[in-house]
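# Analysis of the macromolecular model
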Amino acid sequence: MSIYIGLDLSFAKTGYAVVEVINGKPKLLDYGLIKNDPNQTEQERIEYNVIAIDFLASQYRPDGIVKEASVVGRSSTAMPVLKTHGAYELRMYSRYKLFDFHNASIKKWARNVLNVKDNDKKMVGEAVERKYGTVDGLYTPRGKYIDDIGDAIACVTAFLEREEIIENGVNESED
């Protein structure tokens, strides 16, 4: 048995997913959002994110942590995102194996799971549910897709498939 954590790491809210692997089969153990307080300082918000991730990792003791690689444009939030990634790396690198996984590879994985040429955000959520079945909390009560959670689940799953730690393809449900 091994455990991996997937992250869609950001400054304001971070999606996470914890996957257990037994005999090449993944099982989604936990997932959700880490949200910080927008009224706090930039430093406090970054520290909160990193401490929450560290706490999550200390609970599950993963064999590896896979995060969506940082991709930032020219927005005003680019620097806080980069600082969050740097603080995460600094705090976690000495205790865990850390991996980056490019967001284009996540979308490619979703297209392969669904056998489509689509490229929208909801496609990743559909691929996650094709892989794991219904994932409670992946959509708001009004039906809005929560891409931070979906990307975290897809990120770790696509990484595990690429590294041949789990089998490619859709899991068969267990009764």
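Report on the accompanying structure. (Residues numbered from 1 in each chain as written. Predicted model: local features only at pLDDT ≥ 70, side-chain atom pairs only at ≥ 80, totals over all residues. Heavy atoms only, no water.)

## Structural notes on the overall build of the protein
In terms of helices and strands, the protein carries five helices and five strands. The linear arrangement of helices and strands in the protein, starting from the amino end, is β-β-β-α-β-α-β-α-α-α. In terms of overall dimensions, the protein is globule-like: its C-alpha atoms have a radius of gyration of 16 Å, near the 16 Å expected for 175 residues. Taking the principal axes of its C-alpha atoms as reference, the protein extends roughly 45 × 35 × 30 Å. Expressed as a percentage of its 175 residues, the buried residues of the protein come to 46%. Across the protein, contacts joining residues at least 24 apart in sequence account for 58% of those joining residues at least 6 apart. By element, 46% of the accessible surface of the protein is carried by carbon and sulfur atoms, the whole surface being about 9,800 Å². When the 23 basic and 27 acidic side-chain charges of the protein are each reduced to a single mean position, those positions are 4 Å apart. (Helix = DSSP H or I, 4+ residues; strand = E, 2+ residues; numbered from the N terminus. Rg over C-alpha atoms; globule rule 2.2 N^0.38 Å. Buried < 20%, exposed > 50% of the residue type's maximum accessible area, 1.4 Å probe, protein only. Contact = heavy atoms within 4.5 Å. Areas by Shrake-Rupley, 256 points an atom, 1.4 Å probe, with all protein chains shown as cover. Lys, Arg positive; Asp, Glu negative; His and termini not counted. Charge placed at Lys NZ, Arg CZ, Asp CG, Glu CD.)

## Examining the side chain of T14
Relative to the assigned elements, T14 resides in strand β2 (residues 13-22). Judged by relative accessible area, which is 1%, T14 ranks as buried. Within the structure, the side chain of T14 is placed 3.2 Å from the backbone nitrogen of S10, a separation counted as a polar contact. Setting aside residues no more than four positions away along its own chain, T14 makes contact with L7, D8, L9, G32, L33, I34, N49 and I53. (Polar contact = N/O pair within 3.5 Å; in protein donor to acceptor, adjacent residues only side chain to side chain.)

## Observations concerning helix α4 (residues 121-132)
In a regular helix each residue adds 1.5 Å, so 12 residues correspond to 16 Å; α4 covers 18 Å between its end C-alpha atoms and thus fits that length. Elements that come into contact with the buried residues of α4 comprise β2, β3 (25-35), α3 (103-114) and α5 (147-162). In the stretch just after α4, G133 is the one whose phi turns positive, near 85 degrees. (Expected span 1.5 Å × (residues − 1).)

## Some remarks on the pairing of strand β4 (residues 64-68)
Counting buried positions along β4 gives five out of five residues, so the element sits mostly inside the fold. Side chains of β4 alternate between two faces, with G64, V66 and E68 and I65 and K67 buried alike. In the sheet, β4 pairs with strand β5 (residues 98-101) via four bridges, with the strands oriented parallel. Directly across from E68, in β5, lies its bridge partner F101. (Pairing = 2+ DSSP bridges.)

## Structural notes on the sheet that holds β2
The strand order β3-β2-β1-β4-β5 describes an open sheet built from five strands, whose pairing is mixed. At either end of the open sheet lies a strand with only one pairing partner, and these are β3 and β5. The average undirected angle you get between the axes of adjacent strands in this sheet is 20 degrees. Pairing analysis gives 10 bridges linking β2 to β3, with the strands arranged antiparallel. By the bridge assignment for β3, G15 is matched with L33. Strands in contact with helix α1 (residues 42-60) are β1 (2-8), β2, β3 and β4; relative to β3, the strand with the most contacts, it is inclined by about 155 degrees. (Axes fitted to C-alpha atoms, helices over the stretch in contact; angles between N-to-C directions.)

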